[in-house]
Amino acid sequence: MHKNRPISDLLARQRPVLSVEFFPPKDDAGGELILKTAEEIRTYVDPDFVSITYGAGGGTRERTFRYARILKERYGFEVMPHLTCVGSSYDEMREIIREYQEAGFCNIMALRGDPPKGETSFKPHPDGPPYASDLVNFIRQEFSGFSLGVAGYPEIHPEAKSAESDLKYLKLKVDQGGSFITTQLFYDNETFFKFAENCRAAGIDVPIIPGLMPIRSAKQARRFAKVIPPQLDALLDEAGEDAEKVHEVGIDWTYRQICELIEKGFNGIHLYIMNRSHMPIEVIERLRASNVL
Ligand SMILES: Cc1cc2nc3c(=O)[nH]c(=O)nc-3n(C[C@H](O)[C@H](O)[C@H](O)COP(=O)(O)OP(=O)(O)OC[C@H]3O[C@@H](n4cnc5c(N)ncnc54)[C@H](O)[C@@H]3O)c2cc1C
C-alpha cells in the first residue's frame, strides 16, 4: 500500500485534490488519538495526501519522522512531512532530508518556522537557512525528485513589512523551486480570492491550495483568523454558547467555503484537522452527498 507520488502530479489532474494535516503527538494519549484519527480519516475521508507538521520544540525531528512513517506504512497515505529551519544547520538539514528521501518520501513542506516558545523573533542557526526560500534553494541544489510545498498567507504573514513584500518573498520561494503553495487558514473566501489574484498578477503560477479549518469555537476562530466575515460573525454570535449550534455553523461554513472554492476552479483543499476526525468527516460526507467532491 506504500505510495510515492509527487503532489505536483496530483494537482495536475482535474478532480479536486483533498489533503489533511496532522501534528506529531507529544505523549501517549496524543499517540493513541492520532492513530484512531488516522484510521477514521483513511476510512471515511480517503484523502489524496496527508501532511505532518514539524514543531518548534525539541524532539520534533524524531517525532515528525516517526509518525510520517506510521501514516505512510500503516495507513498507506501519501505523506508530506514538514521541515522548518528552526535550530538546524545546513549539515543537519541535509541529514534530515536524506532520511526523508531514504524512507521514500518525495514531498516536503519547506518552511522557515516560528520562533521557539518564549522567543519573540526568529533567529536562524548561524550556519542554517534564514528563510524558507533559502531552504527551498538548498533542497533544489542538493537533492532531486522532491515536490516542494511552500506556505502562503492570504491575510499576510504577521512579520511581513507589507502585503507587497510578503508577495515578493512568496514569489522568491516559488522561483527557487517551490512546486505549490498551501495557505494559512482563512474564513473569508474573498480574502483568499484577492490573494490568489495578486499571486497570479505577480507571476506566481504554481497551484495554490487553500487551507481551511472547521470552526470548533468562536473564540478559536477569532484568534486564528484576522478576517471574520460579518455573516459568519453574526452566525457565531447567534449560536452563542450552544455547542451544537456552533458545531453546525462550523461544518456549514467550511462546506460552503469549499463549494465556492471548487466552483471557482481551485482544485486542492487542505484541511487543518488538529488530529481530530469528526468535523472533517462530516464536511467531506456532506460534500460527497451533494456531488461537490
Ligand atoms: C501550510 C502551512 C504549514 C505550516 N507548518 C508548520 C510546521 O510544520 N511547523 C512550524 O513550526 N510552522 C509551520 N507553519 C508556520 C510557519 O512556520 C510560520 O508562519 C513562519 O513564521 C513563517 O514560515 P514561512 O515558511 O512562511 O517563512 P518565510 O517564507 O521565510 O517568511 C517569513 C517572513 O519573512 C519574510 N521574508 C521571507 N523572505 C525574506 C527575505 N529574503 N528577506 C526579508 N524578509 C523575508 C516574509 O514576508 C515573512 O514575513 C506553517 C504555515 C503554513 C501556512
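Read on for an overview of the structure. (Residues numbered from 1 in each chain as written. Predicted model: local features only at pLDDT ≥ 70, side-chain atom pairs only at ≥ 80, totals over all residues.)

1. Let's talk about the pairing of strand β1 (residues 17–22)
Piece 1. With six of six residues buried, β1 is to be regarded as a mostly interior element.
Piece 2. What you see with β1 is no split at all: Val17, Ser19 and Glu21 on one side and Leu18, Val20 and Phe22 on the other are buried throughout.
Piece 3. By the bridge criterion, five bridges tie β1 to strand β8 (residues 268–272) in an arrangement that is parallel. Residue pairing across strands places Leu18 opposite Ile269, the latter belonging to β8.
Piece 4. As paired elements, β1 and strand β2 (residues 49–52) share four bridges and run parallel to each other. Within β2, the position partnered with Phe22 by the bridge is Ile52.
Piece 5. Each parallel crossover has a hand, and the one from β1 via helix α2 (residues 28–45) to β2 is right-handed. (Buried ≥ 20, exposed ≤ 12 C-beta atoms within 10 Å, placed from the backbone. Helix = DSSP H or I, 4+ residues; strand = E, 2+ residues; numbered from the N terminus. Pairing = 2+ DSSP bridges. Right-handed = clockwise from strand over helix to strand, strands pointing away.)

2. Observations concerning the packing of α2 against helix α11 (residues 278–289)
Piece 1. The interhelical angle for the contact between α2 and α11, taken along N-to-C directions, is 5°, at an axis separation of 10 Å. On the basis of the axis angle, α2 is roughly parallel to α11. Listed contacts from α11 to Glu40, Ile41, Tyr44 and Val45 of α2 are Pro280, Ile281, Ile284 and Glu285.
Piece 2. Within the contact of α2 with α11, the residues separate by chemical class into six nonpolar, no polar and two charged. (Axes fitted to C-alpha atoms, helices over the stretch in contact; angles between N-to-C directions. Parallel < 35°, antiparallel > 145°, perpendicular 65-115°, else oblique. Contact = placed C-beta atoms within 7 Å. Nonpolar A, V, L, I, M, F, W, Y, C, P; charged D, E, K, R; others polar.)

3. Concerning the sheet that holds strand β7 (residues 208–212)
Piece 1. As summarised here, the arrangement of the eight strands in space is β1-β2-β3-β4-β5-β6-β7-β8, forming a closed barrel in which the pairing is parallel. Each strand axis lies, on average, 25° off the axis of its neighbour in the sheet, ignoring direction.
Piece 2. In terms of strand pairing, strand β4 (residues 107–111) meets strand β5 (residues 147–152) through three bridges, oriented parallel. By the bridge assignment for β5, Asn107 is matched with Ser147.
Piece 3. Of the strands in this sheet, β1, β2 and β3 (79–84) touch helix α3 (residues 60–73), which is tilted by about 170° from β3.

4. What about the site of the ligand?
Piece 1. If you check the shell around the ligand, you find 25 residues, and the closest are Thr53, His82, Arg112, Ala132 and Ala151.
Piece 2. Among the elements of the structure, β3, β4, α5 (132–142), α6 (163–175) and β6 (180–185) are those that each provide at least two residues to the shell around the ligand.
Piece 3. In terms of residues, the shell around the ligand owes the most to one element, α6, which gives four residues.
Piece 4. Residue composition of the shell around the ligand, grouped by class: nine nonpolar, eleven polar and five charged. (Near = placed C-beta within 6 Å.)

5. Examining the nonpolar core
Piece 1. Membership of the largest hydrophobic core comes to 72 residues, with the highest contact counts inside it found for Val50, Ile52, Leu71, Val79, Ile108, Ala110 and Ile139.
Piece 2. For Ile108, the contacting residues outside a window of four places in its chain are Met80, Pro81, Leu83, Tyr100, Ile139, Phe146 and Leu148. (Core = buried A, V, L, I, M, F, W, Y, C linked by C-beta atoms within 7 Å.)

6. Structural notes on α2
Piece 1. With 18 residues, α2 should cover 26 Å at 1.5 Å per step; its first-to-last C-alpha distance of 25 Å lies within 8% of that length.
Piece 2. Restricting attention to buried positions, one finds in α2 the residues Ile34, Thr37, Ala38, Ile41 and Val45. The arc that holds every buried residue of α2, seen down its axis, measures 110°, which confines them to one face. Turned more than 90 degrees off the buried face of α2, the exposed positions are Asp28, Ala29, Glu32 and Thr43.
Piece 3. Buried residues belonging to α2 abut β1, α3 and α11. (Expected span 1.5 Å × (residues − 1). Arc of directions from axis to C-beta.)

7. Overview of the pairing of β4
Piece 1. Most of β4 sits out of view: five of its five residues are buried.
Piece 2. Where burial is concerned, the two faces of β4 agree: the one with Asn107, Met109 and Leu111 and the one with Ile108 and Ala110 are both buried.
Piece 3. As judged from the three bridges shared by β3 and β4, these two strands associate in the parallel manner. In the strand pairing of β4, His82 is matched with Met109.
Piece 4. On the question of chirality, the crossover connecting β3 to the parallel β4 by way of helix α4 (residues 90–102) is right-handed.
Piece 5. Running through α5, the crossover from β4 to the neighbouring parallel element β5 is right-handed.

8. Things to note about α6
Piece 1. Here α6 is 13 residues long and its end C-alpha atoms lie 18 Å apart, about the 18 Å a rise of 1.5 Å per residue gives.
Piece 2. Turning to α6, its buried residues number three or more, namely Asp166, Leu167, Leu170, Lys173 and Val174. Viewed along the axis of α6, the buried residues span an arc of 115°, placing them on a single side of the element. Turned more than 90 degrees away from the buried face of α6 sit Glu164 and Ser165, all of them exposed.
Piece 3. Those residues of α6 hidden inside the fold are in contact with α5, β5 and α7 (189–201).

9. Considering unusual backbone geometry
Piece 1. Not every positive phi belongs to a glycine, and Asp46 is a case in point at roughly 50°.
Piece 2. Along the polypeptide, Asp46 turns up in the loop between α2 and β2.
Piece 3. A positive phi is found at Met274, a non-glycine position, where the angle reads about 55°.
Piece 4. Within the secondary structure layout, Met274 lies in the loop between β8 and α11.

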